[in-house]
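A structural walkthrough
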Amino acid sequence: MTSLHHGFIWGGATAAYQVEGATTADSKGKTMWDDYLKAQGRFAPDPASDFYHRYPTDIKLAQKYGLNAIRVSIAWTRIFPKGYGEPNQAGVEYYHKLFKECLDHGLTPYVSLHHFDSPKTLFDDGDWLNRKNIDYFVQYAEFCFKEFTEVKNWFTINELISLALSQYIAGNFPPNHHFDVTSAIQAEHNELLAHARVVNLYKSLNLDGRIGLIHVLQPIYPITDSAADKHAAALYDAFINRFLLDGTFLGEYTPETMSLINEILQKNDAHLDIQDGDMDILKEASTQNDYFGMNYYQSAFMQAYDGPSGNQFNGTGEKGTTSFSFHGVGQMVQKPGVPTTDWDWNIYPEGLYDVLKRVAREYPNSHMIMITENGLGLKEQYHGEEIMQDDKRIDFIDQHMAAVLKARAEGVNVQGYFVWSLQDQFSWANGYNKRYGLFYVDFDTQERHVKKSALWFKALADTM
Ligand code: BG6
């Protein structure tokens, strides 16, 4: 397996639904987003970055600016328009062409099977809360493994927690539930099961490649040293990080983790259903992940809180419009001196260092870590510059790379870094004005413009 990769992996990340556009082309089926975004009327998923047609342009840019890898996801509904049934040949061919283009240009494709874009038919039937969804996901994965043999690096699901939290706690992804704690924890468990079943399947097929999953980790720090604040931080950490890390890499939810989770469930009159055999499936998969994709954007600071749950989501980039209080868990607060983005995300590279050390220490079965997303969302506007200035993004990546390199120097096995994102794309709950790309996309003309961060990233990649 070592022959697959010699040096450090430098990549740009994308997700099918955020870049491809072409949401009805070539018999593609609907996702949970199509009707939802239409009804919401804030922005449309078409043409996005028109990657469905313009992938050769973006791949050439990635190669020209020193990248040797790219993260893409397969849209489940291009392969199986309803999530199951007969495969759609046009969708299959599209991904063969895409992977060939990547490989022909020296970019290793790292491919996720699920990046927030559940098929609409399955979403209507309960999405990850319906265990039948897991069976369909396994069938879809098996089809992809056998069909796309040119892909050697797989991820099952992207950010299990973001789905669970955004769908059932924060309510900013469909079906927009607020603090539906039972659904959130059940979705976490069921997504873990889906991941584990796919890993076990992949290993049983003896394929020539690697498989893992992607968690976004958000370290939670107590705002003071008080026992109450420390407990609040531990509770929320268990809910968003620890439960998933335990399930993935230990194949069990440790008694300490479950005691924190049960406290949250009790206080919120919620429950979790673990069925016979579930934990055996997680256990079998827990040692078989070849690598771990870690996304990191921000950390959070918690204080103890016993009032009612409530949250306000900043989906516009108007600073200071976020709030989050979780009954019986804690309340997020600002830490003086920690800068924030326009979307109120704490800029805290120390968190990345801490979480890398934690994963290496507590979860050795993660084997090898790749940062699969990290980046800064900004409002940006092209004014005809030859190179667009985005020094804030460069600072952000620089500080976070320094955290990665420090952890690496101390023995943490990090082998790659994918910047979110390769080119500008739309943000699920923020629309088109939150840009992350190394390359600017004019969403009217679909022209690409180079940002200074692309040049900077190339210079850094050249040194590794
Ligand atoms: C991750 C996702 O949560 O963060 C991406 O994997 C997403 O799909 C990215 O776009 C940035 O989040 P946001 O909300 O700023 O788009």
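Residues numbered from 1 in each chain as written. Predicted model: local features only at pLDDT ≥ 70, side-chain atom pairs only at ≥ 80, totals over all residues.

Per an unreviewed UniProt entry, the protein chain goes by the name 6-phospho-beta-galactosidase and belongs to Lacticaseibacillus thailandensis DSM 22698 = JCM 13996. Regarding the protein chain, the UniProt comment filed under Sequence similarities (unreviewed entry) reads as follows: "Belongs to the glycosyl hydrolase 1 family." (UniProt positions renumbered as here; feature names shortened; annotations may be inferred.)

Quick notes on the overall build of the protein chain
For the protein chain, the helix and strand inventory stands at 15 helices and 15 strands. A compact globule built from 464 residues would reach a C-alpha radius of gyration of about 23 Å, and the protein chain, at 21 Å, matches this within 12%. In terms of principal-axis extent, the alpha carbons of the protein chain reach across some 55 × 50 × 50 Å. When burial is assessed residue by residue, the protein chain has 51% of its 464 residues classed as buried. For the protein chain, long-range pairs separated by at least 24 residues make up 78% of all intrachain contacts whose partners lie at least 6 apart in sequence. (Helix = DSSP H or I, 4+ residues; strand = E, 2+ residues; numbered from the N terminus. Rg over C-alpha atoms; globule rule 2.2 N^0.38 Å. Buried ≥ 20, exposed ≤ 12 C-beta atoms within 10 Å, placed from the backbone. Contact = placed C-beta atoms within 7 Å.)

Observations regarding helix H11 (residues 255-267)
Helix length check: H11 (13 residues) gives 18 Å between terminal C-alpha atoms against 18 Å at 1.5 Å per residue, within 8%. Every buried residue of H11 is accounted for by Thr-257, Leu-260, Ile-261 and Ile-264. Angular distribution of buried residues about the axis of H11 spans 95°; they occupy a single face of the element. Exposed residues pointing more than 90 degrees away from the buried face of H11 are listed as Pro-255, Glu-256, Ser-259 and Gln-266. As for H11, its buried residues are in contact with helix H9 (181-204) and helix H10 (227-249). (Expected span 1.5 Å × (residues − 1). Arc of directions from axis to C-beta.)

Some words on the site of the ligand
The immediate surroundings of the ligand are formed by 15 residues, with Ala-15, Glu-159, Ser-162, Gly-377 and Ser-427 found nearest. Across the shell around the ligand, the residue classes break down as 5 nonpolar, 7 polar and 3 charged. (Near = placed C-beta within 6 Å. Nonpolar A, V, L, I, M, F, W, Y, C, P; charged D, E, K, R; others polar.)

Looking at the sheet that holds strand E6 (residues 220-222)
Each strand in a sheet pairs with another by means of backbone hydrogen bonds, the pair being arranged parallel or else antiparallel. Read from one edge to the other, the open sheet built from 5 strands follows the order E6-E8-E11-E10-E9, with strand pairing classed as mixed. For this open sheet the edge positions go to E6 and strand E9 (310-312), each flanked by a neighbour on one side alone. Direction aside, neighbouring strands of the sheet carry axes that sit 30° apart on average. By the bridge criterion, 3 bridges tie E6 to strand E8 (residues 300-303) in an arrangement that is parallel. Within the sheet, the bridge partner assigned to Tyr-221 lies in E8 and is Phe-301. Across the face of the sheet, H10 comes into contact with E6, E8, strand E10 (323-326) and strand E11 (330-333) while running at roughly 170° to E6. (Pairing = 2+ DSSP bridges. Axes fitted to C-alpha atoms, helices over the stretch in contact; angles between N-to-C directions.)

Structural notes on the nonpolar core
Formed by 138 residues in total, the largest nonpolar core has its most connected members in Ile-74, Tyr-140, Leu-235, Tyr-236, Phe-239, Met-302 and Leu-356. With 12 residues, the top contributor of residues to this core is H10. The contacts of Ile-74, once residues within four sequence positions are left out, are Ala-16, Ile-79, Tyr-95, Val-111, Leu-113 and Cys-144. (Core = buried A, V, L, I, M, F, W, Y, C linked by C-beta atoms within 7 Å.)

Details of the packing of H10 against H11
Two numbers describe how H10 lies on H11: the axes approach to 9 Å, and their chain directions differ by 125°. Our classification of the angle between H10 and H11 gives oblique. Considering how the two elements wind past one another, H10 and H11 form a crossing that is left-handed. Mapping the contact onto sequence places Ala-234, Leu-235, Ala-238, Phe-239, Arg-242, Phe-243 and Asp-246 in H10 and Thr-257, Leu-260, Ile-261, Glu-263 and Ile-264 in H11. Among the residues making up the contact of H10 with H11, the classes are represented as 8 nonpolar, 1 polar and 3 charged. (Parallel < 35°, antiparallel > 145°, perpendicular 65-115°, else oblique. Left-handed = near helix turned anticlockwise from the far one by under 90°.)

Some remarks on the packing of helix H7 (residues 131-147) against H9
Helix-helix packing is described using two parameters, namely the angle between the two axes and the distance between the axes. Relative to each other, H7 and H9 sit at 30°, their axes nearing to 9 Å. Between H7 and H9 lies a crossing of right-handed hand. Residues Arg-131, Ile-134, Phe-137, Val-138, Ala-141, Glu-142 and Phe-145 of H7 form the contact with H9, whose participating residues are Asn-190, Leu-193, Ala-194, Arg-197, Val-198, Leu-201 and Tyr-202. Split into classes, the residues belonging to the contact of H7 with H9 amount to 10 nonpolar, 1 polar and 3 charged.

Considering the sheet that holds strand E2 (residues 69-73)
If you walk around this closed barrel you meet the 8 strands as E1-E2-E3-E4-E5-E7-E12-E13, and the pairing is parallel. With direction set aside, neighbouring strand axes in the sheet form an average angle of 25°. Where strand E5 (residues 210-216) meets strand E7 (residues 291-295), 5 bridges bridge the pair, whose relative direction is parallel. Following the sheet pairing, Val-216 is matched in E7 by Asn-295. Its contacts with the sheet put helix H14 (residues 391-409) on strand E12 (369-373) and strand E13 (414-419), and the angle it makes with E13 is roughly 170°.

Concerning unusual backbone geometry
In the segment running from Asp-46 into Pro-47, the intervening peptide bond is cis, with an omega of 0°. Looking at the element boundaries, Pro-47 is found in the loop between helix H2 (34-40) and helix H3 (51-64). The amide bond that connects Trp-420 to the next residue, Ser-421, takes the cis arrangement and shows omega of 10°. Turning to its location among the elements, Ser-421 is positioned in the loop between E13 and strand E14 (439-441). Its identity is not glycine, yet Asn-176 carries a phi of approximately 60°, on the positive side. Position of Asn-176 relative to the elements: it lies in the loop between helix H8 (160-168) and H9. The phi angle at His-367 is positive, at roughly 60°, despite the residue not being glycine. Mapped onto the fold, His-367 is located in the loop between helix H13 (349-362) and E12. C-beta crowding within 10 Å serves as the criterion here: with 16 such atoms nearby, His-367 is assigned to the partly exposed category.

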